[in-house]
Amino acid sequence: MDHLILSVIAQDQPGLVERVAQCVASHGGNWLESRMSRMAGQFAGILRVDVPPQSHGELVEALQGLSAHGIRVLLAPAGSEPSCTWKSIHLDLLGNDRPGIVRDISRLLAEHGVNLENLNTEVTPAPMSGEPLFHAEAQLAVPEGLALSVLQTSLETLADDLMVELNLRMEG
């Protein structure tokens, strides 16, 4: 089996996932994992499928044909997993919204060789004042060779500069 990674985007409407799932299934593919969401009237998702090698070309063609229904699909072969070992860390951040928070945090993580595996962000009104609050939750893959105290200190210094509250915790 060949693994394919699909990125899907379309104007949100009922039946989008079913169209993609039907396309995959009708070519002998198996839907393995996905992350999907609706945002600002658009639907976006990323998924991994297994497809028999003999059906690969036909599936790709059929997925690209979904554009007739307003569904854009970008395809890529599955990559290999990194060979080093990682510690799984959960990051939770909350503070007043302002431009650049994601840029500054992601820059610091990249400088330390930390992989951002999952990121969810939102801006919501603060309970009392109604001021916009930025909230981020992330799953980080921290290289085994990086001391957590070093990462914690760097992130806390940046959090002070950004005026946000930041918490890290080890996962499983």
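Named according to an unreviewed UniProt entry, the protein chain is Glycine cleavage system transcriptional repressor originating from Phytopseudomonas dryadis. On record in UniProt, under Subcellular location (unreviewed entry), the comment for the protein chain is "Cytoplasm".

**Examining the UniProt feature "domain: ACT" (unreviewed entry) in the protein chain**
Following the UniProt record, one finds the feature "domain: ACT" (unreviewed entry) at residues 5-78 and 90-169. Each end of residues 5-78 is marked by a C-alpha atom, and these two atoms are 6 Å apart; helix forms 28% of the span and strand 45%. As annotated, residues 90-169 has a helix share of 32% and a strand share of 45%, and its two end C-alpha atoms lie 5 Å apart.

**As for the nonpolar core**
Leu93, Ile105, Leu140, Leu151 and Leu155 are the most contacted members of the largest nonpolar core, which has 21 residues in total. Of all hydrophobic cores here, the second largest spans 18 residues; its members include Phe43, Val51, Val60 and Ile71.

**Quick word on the pattern of salt bridges**
This structure, assessed with the given rule, holds six salt bridges. Notably, a salt bridge pairs glutamate 33 with arginine 35, separated by 4.0 Å at the nearest N-O pair. Between arginine 103 and aspartate 104 there is a salt bridge, with its nearest N and O atoms 2.9 Å apart. For arginine 103, a relative accessible area of 48% translates into the label partly exposed. For aspartate 104, a relative accessible area of 13% gives the class buried. Among the ionic contacts, a cluster of salt bridges with common partners joins Arg98, Arg103, Asp104 and Arg107.

Scoring rules and cut-offs
Residues numbered from 1 in each chain as written. Predicted model: local features only at pLDDT ≥ 70, side-chain atom pairs only at ≥ 80, totals over all residues. Heavy atoms only, no water. UniProt positions renumbered as here; feature names shortened; annotations may be inferred. Helix = DSSP H or I, 4+ residues; strand = E, 2+ residues; numbered from the N terminus. Core = buried A, V, L, I, M, F, W, Y, C linked by side-chain atoms within 4.5 Å. Buried < 20%, exposed > 50% of the residue type's maximum accessible area, 1.4 Å probe, protein only. Salt bridge = Lys/Arg side-chain N within 4 Å of Asp/Glu carboxyl O.

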